[in-house]
Amino acid sequence: MKKDQCKKTTAYLKLNLTGKRLILRPFKFSDFKSCQASDKNRLPILNKFDEPISLGKSDYQEFKEKIKRHRLRGKARIHFIFGIFDKKTGEHIGNLDLLTINQQIGWGNLGFHIQNQYYSKGYASEASRLALTIAFKYLNFHRIEAAMEMDNLASKKVAIKIGLKYEGVRKKFFPHKGGIDMRVYATNAIDYK
Ligand SMILES: CC(C)(COP(=O)(O)OP(=O)(O)OC[C@H]1O[C@@H](n2cnc3c(N)ncnc32)[C@H](O)[C@@H]1OP(=O)(O)O)[C@@H](O)C(=O)NCCC(=O)NCCS
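Criteria and thresholds
Residues numbered from 1 in each chain as written. Predicted model: local features only at pLDDT ≥ 70, side-chain atom pairs only at ≥ 80, totals over all residues. Helix = DSSP H or I, 4+ residues; strand = E, 2+ residues; numbered from the N terminus. Rg over C-alpha atoms; globule rule 2.2 N^0.38 Å. Buried ≥ 20, exposed ≤ 12 C-beta atoms within 10 Å, placed from the backbone. Contact = placed C-beta atoms within 7 Å. Core = buried A, V, L, I, M, F, W, Y, C linked by C-beta atoms within 7 Å. pLDDT = per-residue confidence, 0-100. Pairing = 2+ DSSP bridges. Near = placed C-beta within 6 Å. Nonpolar A, V, L, I, M, F, W, Y, C, P; charged D, E, K, R; others polar.

*Asks:* Honestly, the overall build of the protein in this entry has me stumped. Any pointers?
*Replies:* The helix and strand tally for the protein stands at five helices and eight strands. At 16 Å, the protein has a C-alpha radius of gyration in line with the 16 Å of a compact globule built from 193 residues. When burial is assessed residue by residue, the protein has 31% of its 193 residues classed as buried. A separation threshold of at least 6 residues defines the contact pool for the protein, and within that pool the share at least 24 residues apart is 58%.

Listed below in structure tokens is the structure:
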């Protein structure tokens, strides 16, 4: 990345965007109660991709340690992890992250995870649109992709709804899962409006 491009990026802890219903921002220690509550209110597991969000919600010290690790990774520009919160109530809705794949060419991966009691309300799509603004306007990413398992239809729909374009299938990815095929959707700073 060129020097002048680096200058324009915003510090991780200053990233904070508000949409129609949601706020996307780094976690604070004071989010512990809200995260605990959203975890407690989860519905029974709905499908094979549905799992609790791992934030150390049963223990405040563990939660704090996780948030500290987020900050270190955000500061190093390795991984930007955000909480998704209801703008009015402050409820924790889910998590979203931008992971740097290659810093030199501004290539990152978008991930999203919504607590299952909030599924299909358009929250992942709204938060992901905010994340694309953060990625291109505040963090100088050039390319953002989202990759999902072939049968993760909700995730695929989010990618399409936020304007990512289908690029193909990454074959036998994730060795720890035995090599699974992943659909790849992406956009870039030139095409994204
Ligand atoms: C994928 C996920 C983030 C979507 O969150 P969400 O807030 O429900 O997403 P949105 O409401 O913005 O959009 C989901 C869309 O998929 C649709 N959908 C949900 N389940 C579906 C299914 N099984 N088959 C087809 N479409 C489905 C919804 O109806 C919605 O479409 P619509 O807006 O046209 O009605 C959520 O399901 C989740 O957290 N899953 C577990 C973690 C995960 O898989 N993350 C992605 C890893 S790549």
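That shown, we press on.
*Asks:* How do you make sense of the environment of Phe29 when you look at a structure like this?
*Replies:* Relative to the assigned elements, Phe29 resides in the loop between β2 (22-25) and α2 (32-40). Take Phe29: there are 10 C-beta atoms within 10 Å of it, and that puts it in the exposed class. With 37 residues separating them in the primary sequence, Phe29 and Lys66 have C-alpha atoms 9.6 Å apart. Apart from the residues within four sequence positions on either side, Phe29 is in contact with Lys64 and Ile67.

*Asks:* Can you help me understand the nonpolar core in this one?
*Replies:* Among soluble globular proteins, nonpolar side chains are generally buried collectively. One finds Leu24, Ile84, Tyr123, Ala127, Ala131 and Ala135 to be the most contacted residues of the largest nonpolar core, which totals 35 residues. Sorting the residues of this core by element identifies β2, β3 (79-86), β4 (92-102), β5 (107-114), α4 (123-138), β6 (143-149) and α5 (153-161) as the ones contributing at least two each. For this core, the element with the most residues is α4, which contributes eight residues. Residues contacting Leu24, with those up to four places away along its chain left out, are Leu17, Phe82, Ile84, Leu96, Ala127, Leu130 and Ala131.

*Asks:* Would you take a moment to explain the confidence of the model for the protein for this structure?
*Replies:* In low-pLDDT segments, the atomic positions of the prediction should not be examined closely. In the predicted model, the protein carries a mean pLDDT of 94, and 95% of its residues have values of at least 70. Predicted confidence is poor over residues 1-6, with pLDDT under 50, and the contacts of this stretch with residues over four places away or in other chains come to six contacts.

*Asks:* Honestly, the pairing of β2 in this entry has me stumped. Any pointers?
*Replies:* In the case of a regular strand, side chains alternate between the two sheet surfaces. Residues of β2 alternate between two faces, with Leu22 and Leu24 buried on one and Ile23 and Arg25 left unburied on the opposite face. Hairpin connection, strand β1 (residues 17-18) to β2: the antiparallel pair is bridged by three residues. Note: β2 against β3, four bridges, orientation antiparallel. Paired with Ile23 across the strands is Phe85, a residue of β3.

*Asks:* I keep staring at the sheet that holds β5 and nothing clicks. Help me out?
*Replies:* Sheet strands pair by backbone hydrogen bonding; their relative direction is either parallel or antiparallel. An order of β1-β2-β3-β4-β5-β6-β8-β7 is seen for the eight strands of this open sheet, with the pairing classed as mixed. Two strands in the sheet have a free side with no partner beyond their single neighbour: β1 and β7 (165-173). Sheet analysis places β1 next to β2, joined by two bridges and oriented antiparallel. When the bridges of β2 are listed, Leu17 appears paired with Leu24.

*Asks:* I tried to follow the site of the ligand on my own but got confused; where do I start?
*Replies:* In the vicinity of the ligand, 19 residues are found, and the nearest of them are Ala124, Ser125, Leu153, Ala154 and Lys157. Only β5, α4 and α5 provide two or more residues apiece to the shell around the ligand. The greatest single-element share of the shell around the ligand, amounting to five residues, is contributed by α5. For the shell around the ligand, the class distribution of residues is ten nonpolar, six polar and three charged.

*Asks:* What should I look at first to understand the pairing of β3 in this one?
*Replies:* With six of eight residues buried, β3 lies mostly within the body of the structure. Sheet topology places β3 next to β4; seven bridges connect them, and they run antiparallel. Residue pairing across strands places Phe85 opposite His92, the latter belonging to β4. Following β3, the chain reverses through five residues before pairing antiparallel with β4; Gly90 in that reversal takes a positive phi of roughly 80°.

*Asks:* Explanation requested: the environment of Pro26 in the structure shown.
*Replies:* Here Pro26 shows up in the loop between β2 and α2. With ten residues separating them in the primary sequence, Pro26 and Asn16 have C-alpha atoms 7.4 Å apart. For Pro26, the residues in contact, after removing those within four places along its chain, are Tyr12, Leu13, Leu15, His70, Gly74 and Phe82.

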